[in-house]
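Structure assessment
Residue-level listing of the chains:
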Amino acid sequence: MGQPFHPLPAPGARPFIVEVRRGAQVESRHPVVAAIVDADGGTVAAWGDPAQMIFPRSSNKAIQALPLVESGAADAFGLSQAELALACASHGGEARHTDTVAAWLARIGRNPDDLECGAHWPYHEATARQIARDGAAPSTLHNNCSGKHAGMVSVATHLGEDIRGYVRPDHAVQRRVTAAIEDVCGVRIAPETVAIDGCSMPTMPVPLHSLAHGFARFATGHGLTPERAKAARRLAAAVAAEPFFVAGSGRFCTAVMQAGGGKFIAKTGAEGVYTAASAERGIGIALKVLDGTARAAQTALGGLLEHLGLLDAAGREMIRPLVEQPLTNWRGLDVGSIGLAPPAF
């Protein structure tokens with residue numbers, strides 16, 4: 001059923017390339033650095049410099065959500081798998097996303113005004129258009145990070161901490177998150193390297209290899225404390241069971257996990273970042289499109305999953321239009337494509 005995606009070049013010191021073709025001509029090239037790492041920290045394969053420092057952005061939300069489970073907040077508030085998936089999500093702002101976050105907040109005695117993520121228009125175009133037709137404006141619930149923020153507010157609420165300023169690096173909630181990232185990824189985060197993400201939470205650069213290693217450990221529990229390994233398994237299971245709540249309709253995170261049939265989890269991050277992990281294979285994946293182009297990141301991840309044999313024929317066909325992306329103009333004419341550059345032999 002269908003042909004494989006273009007094969008990646010052999011691993012090596014050079015990034016691989018996602019190219020944009022207009023007609024028969026290559027118009028743009030997006031270089032990608034990537035690392036596939038096992039749970040012991042061994043490099044399975046790498047393209048470009050695996051020591052390159054990158055901001056994971058939203059790609060490490062599952063690791064950031066570990067304190068939500070470890071603190072006891074998830075159990076105390078009876079969080080469902082959908083709610084745990086939302087804590088790890090960059091959702092599209094569809095009604096199922098916002099309604100679920102709103103109900104979660106109400107259940108813990110909080111409201112959308114308690115979220116310090118800011119508001120933006122939903123990624124889901126039909127939802128955004130409906131809000132505009134209604135003469136309304138988006139709320140913090142529509143922010144793609146509202147589930148992550150609800151998780152942080154839940155931790156502070158459960159532990160009796162002041163929720164105000166929970167996004168600050170010095171707040172107890174963020175200190176726990178930073179400690180989890182350091183432990184899982186095996187890094188030391190220098191305070192002077194901490195920056196601010198789009199949703200106002202701290203984000204910190206880590207080596208690409210360490211991010212991939214962290215997700216291998218997250219997926220397998222290898223090297224983690226029993227409590228942390230159990231929390232990671234619970235979050236990974238929620239993400240795998242409820243992929244719609246991780247992203248939404250027409251979004252690649254949701255589609256690729258559905259195509260994988262539970263063989264792996266995957267998560268995007270801003271500026272062309274993706275992570276993925278397979279417990280069955282004991283590996284983590286991290287990639288960064290060097291010019292930050294988001295459209296190239298999903299093509300790159302598709303190539304890496306193909307390289308690892310994590311997609312069967314049916315799964316490959318499910319996501320082919322999102323990996324080998326057609327390029328159309330405003331009249332709907334097919335004018336080119338976005339895909340992996342054929343390897344040079």
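Residues numbered from 1 in each chain as written. Predicted model: local features only at pLDDT ≥ 70, side-chain atom pairs only at ≥ 80, totals over all residues. Heavy atoms only, no water.

A word on the packing of aromatic side chains
Our working definition: Any pair of Phe, Tyr and Trp rings, taking the six-membered ring for Trp, is counted once the centres come within 6.5 Å. Such a pair is stacked with planes under 30 degrees apart, edge-to-face with planes over 60 apart, and tilted for the rest. Where helices and strands are cited, they refer to DSSP runs of H or I of at least four residues and of E of at least two residues respectively, numbered from the N terminus. Working definition: with a 1.4 Å probe on protein chains only, accessible area under 20% of the residue-type maximum means buried, over 50% means exposed, and in between means partly exposed.
Per the stated rule, a full pass over the model turns up four aromatic pairs. On the basis of an interplanar angle of 85° and a centroid distance of 5.8 Å, the ring pair of Phe16 and Trp47 is categorised as edge-to-face. With Phe16 in strand 1 (residues 16–22) and Trp47 in strand 3 (residues 43–47), the pair connects residues that are 31 residues apart, well separated along the chain. The class for Phe16 is buried, based on a relative accessible area of 1%. Overall, the relative accessible area of 0% leaves Trp47 in the buried class.

Digging into the pattern of salt bridges
Going by this rule: Salt bridges are counted wherever a side-chain nitrogen of Lys or Arg sits within 4 Å of a carboxyl oxygen of Asp or Glu.
With the rule as written, the count across this model stands at 15 salt bridges. We note a salt bridge from Arg107 to Glu83, for which the minimum N-O separation is 2.9 Å. Of this pair, Arg107 sits in helix 5 (residues 95–107) while Glu83 is found in helix 4 (residues 81–87), placing the two residues 24 residues apart along the sequence. Looking at Glu83, the relative accessible area reads 5%, which means it is buried. Glu317 serves as the salt-bridge partner of Arg320, at 2.7 Å between the closest nitrogen and oxygen. Pair noted here: Arg320 and Glu317 are both in helix 14 (residues 313–323), with a separation of three residues, about one helical turn. What makes Arg320 buried here is its relative accessible area of 16%. By relative accessible area, which is 26% here, Glu317 ends up partly exposed. Connected via shared salt-bridge partners are Glu70, Asp183 and Arg228.

Digging into the nonpolar core
The condition is simple: For our purposes a nonpolar core is just a set of buried Ala, Val, Leu, Ile, Met, Phe, Trp, Tyr and Cys residues, chained together by side-chain atoms within 4.5 Å. Throughout, a contact is declared for two residues whenever any of their heavy atoms are within 4.5 Å.
Counting residues in each nonpolar core, the largest one holds 109 residues, and the members touching the most others are Phe218 and Leu287. Residues within four places of Leu287 in sequence aside, it is in contact with Val32, Val33, Ala34, Leu208, Gly272, Val273, Tyr274, Ala297, Ala300, Leu301 and Leu304.

Quick notes on helix 10 (residues 226–241)
Our working rule: To estimate the expected span of a helix, count its residues, drop one, and scale the result by 1.5 Å.
Taking 1.5 Å as the rise per residue, helix 10 with 16 residues should run 22 Å; its terminal C-alpha atoms sit 22 Å apart, in good agreement. When we look at burial in helix 10, the residues that qualify are Arg228, Ala229, Ala231, Ala232, Leu235, Ala236, Ala238 and Val239.

Observations concerning the state of the cysteines
As a reminder of what qualifies: Criterion for a disulfide: a pair of cysteine sulfur atoms within 2.5 Å.
Taken as a whole, this structure holds zero disulfides when the rule is applied. This cysteine, Cys88, is not joined by any disulfide, and Cys253 carries the nearest cysteine sulfur, 11 Å off. By relative accessible area, Cys88 is classed as buried at 3%. Cys145 takes part in no disulfide bond, and the closest cysteine sulfur, belonging to Cys199, lies 3.9 Å away. On the basis of relative accessible area, Cys145 is assigned to the buried category, the value being 4%.

Some remarks on the pairing of strand 10 (residues 283–289)
Applicable threshold: Note on pairing: two strands pair once DSSP finds at least 2 bridges between them.
Strand 10 sits mainly inside the fold: seven of its seven residues count as buried. The alternating pattern of strand 10 places Ile283, Ile285, Leu287 and Val289 on one face and Gly284, Ala286 and Lys288 on the opposite face, and all of these are buried. As judged from the seven bridges shared by strand 2 (residues 25–38) and strand 10, these two strands associate in the antiparallel manner. Residue Ile36 lies in a different strand from strand 10, and its bridge partner there is Ile285.

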